[in-house]
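# Remarks on the overall topology
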Amino acid sequence: MGIIKFEKNPIIIKEDVPFRVNSIFNAGAIKFDGGYLLLCRVEMPSGRSSFVLAKSKNGVNFKVDSKPCLTPEDHGEYYKYTEWGIEDPRIVKLDDSYFITYTGYSKFMPLVMLAETKDFNTFKIHGPITEPSNKDCSIFPEKINGYYWKMDRPSCEGRSDIWLSKSPDLFYWGEHKFLIEPTAGTWEQNKIGGSTPPVRTKDGWLLLYHGVRGFGISYIYKIGVMLLDINDPSKIIGKSNEPIVLPDHDYERIGDVGNVVFTNGWVVEDNGDVNIYYSGADMNICLAQTNVDYLISLCK
Ligand code: BMA
């Protein structure tokens with residue numbers, strides 16, 4: 001079937017936001033209340049980001065709320081870790097709560113924050129679950145062998161690799177383990193990071209990730225797909241060797257950060273249909289459609 005970019009991309013642009021923003025992009029996505037919900041990053045004119053909800057019945061036509069639902073200033077005792085903005089939320093449902101992992105940005109540099117909600121109106125902020133520098137964190141949507149698992153992307157001393165860790169309660173994390181590193185000489189040679197939260201499939205945990213290559217003064221961000229063992233996610237069953245979504249339209253090439261496609265949210269339907277919500281050039285929200293079987297075939 002392939003991966004089909006929606007012909008009317010982008011589906012959300014900054015003019016769709018009822019208040020003043022610099023850009024709207026990098027949305028977490030989930031099915032909620034019979035519809036589709038995007039938790040979008042809005043970069044305010046100040047250059048600091050907050051989150052706003054966009055809602056849709058059909059997954060294509062979204063209405064953006066009239067004000068942000070979560071801001072750096074909402075973080076109380078944790079504000080010192082979010083003072084420069086909150087970015088790139090990933091949403092996962094565990095029991096009857098939605099857990100959101102996102103970047104808290106401050107003078108300390110990026111770290112991973114955890115918040116919990118049942119209704120997307122009020123949020124319980126649990127605080128940092130990593131030290132800096134770390135981002136691109138997704139929690140697996142169910143316990144594996146008695147533990148919650150997360151993947152994230154610590155950066156230090158020039159390295160940008162994906163790691164896994166385990167927790168009994170979502171708050172205390174340990175057993176940190178390296179998963180995968182960039183591949184020299186390819187589209188994913190400089191950085192690699194988890195993108196969408198993993199979903200259970202009959203063949204393993206399926207997820208999208210991003211790979212980055214530096215050319216001259218700029219970086220090109222592309223999207224790949226990966227399959228992990230269902231009982232031990234530290235075993236990689238397979239991955240795409242080539243990018244599966246890359247920036248080739250003007251709305252992906254031109255913007256605040258050109259030549260970027262980036263995703264942190266998708267909706268995988270029970271029938272296997274997949275809506276990938278991704279952003280072009282750190283400016284907008286776009287849609288690409290595919291299905292689970294096709295994505296799995298790219299990993300084998
Ligand atoms: C990454 C993240 C994303 C952003 C991307 C491209 O490091 O910070 O928020 O979309 O860079 O600029």
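Residues numbered from 1 in each chain as written. Predicted model: local features only at pLDDT ≥ 70, side-chain atom pairs only at ≥ 80, totals over all residues. Heavy atoms only, no water.

Quick look at the packing of aromatic side chains now. Tallying each qualifying case throughout the model produces 12 aromatic pairs. With a centroid separation of 5.8 Å and an interplanar angle of 55°, the aromatic rings of Tyr81 and Phe108 are classed as tilted. Of the two residues, Tyr81 is situated in the loop between β5 (63–64) and β6 (85–94) and Phe108 in the loop between β7 (97–105) and β8 (111–117); the sequence distance between them amounts to 27 residues. Phe108 sits in the partly exposed class, given a relative accessible area of 37%. For the ring pair Phe120 and Phe123, a centre distance of 6.4 Å and an interplane angle of 75° mean the geometry is edge-to-face. A single burial state applies to Phe120 and to Phe123, both of which are buried. When the ring centre of Tyr219 is taken as origin, the NZ or CZ atom of Lys191, which lies over that ring, is 5.6 Å away. (Phe/Tyr/Trp six-rings, centres within 6.5 Å; stacked < 30°, edge-to-face > 60°. Helix = DSSP H or I, 4+ residues; strand = E, 2+ residues; numbered from the N terminus. Buried < 20%, exposed > 50% of the residue type's maximum accessible area, 1.4 Å probe, protein only. Lys NZ or Arg CZ within 6 Å of the ring centre and 35° of its normal.)

Turning next to the pattern of salt bridges. Side chains bearing opposite charge may pair, as long as their charged atoms lie close to each other. Enumeration over the complete set of coordinates arrives at 18 salt bridges. As a salt-bridge pair, Asp248 and Lys5 come within 2.9 Å of each other at their nearest N and O atoms. Here Asp248, found in the loop between β19 (236–239) and α1 (250–253), pairs with Lys5, found in strand β1 (residues 4–5); they are 243 residues apart in sequence, far enough to count as distant. For Asp248, a relative accessible area of 45% gives the class partly exposed. (Salt bridge = Lys/Arg side-chain N within 4 Å of Asp/Glu carboxyl O.)

Let us look at the environment of Ile4. Along the chain, Ile4 turns up in strand β1. When its relative accessible area of 47% is taken as the criterion, Ile4 is described as partly exposed. Ile4 sits 152 residues away from Cys156 along the chain, and the two C-alpha atoms are 36 Å apart. In this structure Ile4 touches Leu287, Ala288 and Gln289, once residues within four positions along its chain are discounted. (Contact = heavy atoms within 4.5 Å.)

The next subject is the site of the ligand. Around the ligand, the surrounding shell consists of Asn26, Arg41, Asp88, Lys135, Tyr221, Val257, Val260, Phe262 and Asp282. At 3.0 Å from an oxygen atom of the ligand is found a side-chain nitrogen or oxygen belonging to Lys135. Between the ligand and Asp282, the relevant distance is 2.6 Å, taken from an oxygen atom to a side-chain nitrogen or oxygen of the residue. Here the residues of the shell around the ligand sort into four nonpolar, one polar and four charged. (Near = heavy atom within 4 Å. Polar contact = N/O pair within 3.5 Å; in protein donor to acceptor, adjacent residues only side chain to side chain. Nonpolar A, V, L, I, M, F, W, Y, C, P; charged D, E, K, R; others polar.)

Attention now goes to the sheet that holds β8. Within the open sheet, the four strands sit side by side as β6-β7-β8-β9. Their pairing is antiparallel. What marks the edges here is a single partner per strand, and that holds for β6 and β9 (124–128). The average angle at which neighbouring strand axes cross in this sheet is 25°, direction not considered. (Pairing = 2+ DSSP bridges. Axes fitted to C-alpha atoms, helices over the stretch in contact; angles between N-to-C directions.)

Moving on to the nonpolar core. Ile12, Ile24, Leu38, Cys40, Phe62, Tyr277 and Ile285 are the most contacted members of the largest nonpolar core, which has 21 residues in total. Contributing elements (two or more residues each) for this core: β2 (23–32), β3 (35–43) and β4 (49–56). Here this core takes four residues from β3, the largest share from any one element. (Core = buried A, V, L, I, M, F, W, Y, C linked by side-chain atoms within 4.5 Å.)

Within β6, nine of the 10 residues are buried, leaving the element largely enclosed by the surrounding structure. Here eight bridges tie β6 to β7, and the two strands are oriented antiparallel to one another. Bridge pairing links Gly85 to Tyr105 in β7. The antiparallel pairing of β6 with β7 creates a hairpin that spans two residues between the two strands, and Asp95 there sits at a positive phi of about 55°.

In spatial order, the strands read β1-β22-β21-β20; together these four strands make up an open sheet with antiparallel pairing. If you trace the sheet from one side to the other, it starts and ends with β1 and β20 (261–268), each paired once. Here β20 pairs with strand β21 (residues 273–280) via seven bridges, running antiparallel. Bridging from a neighbouring strand, Val268 pairs with Val274 of β21.

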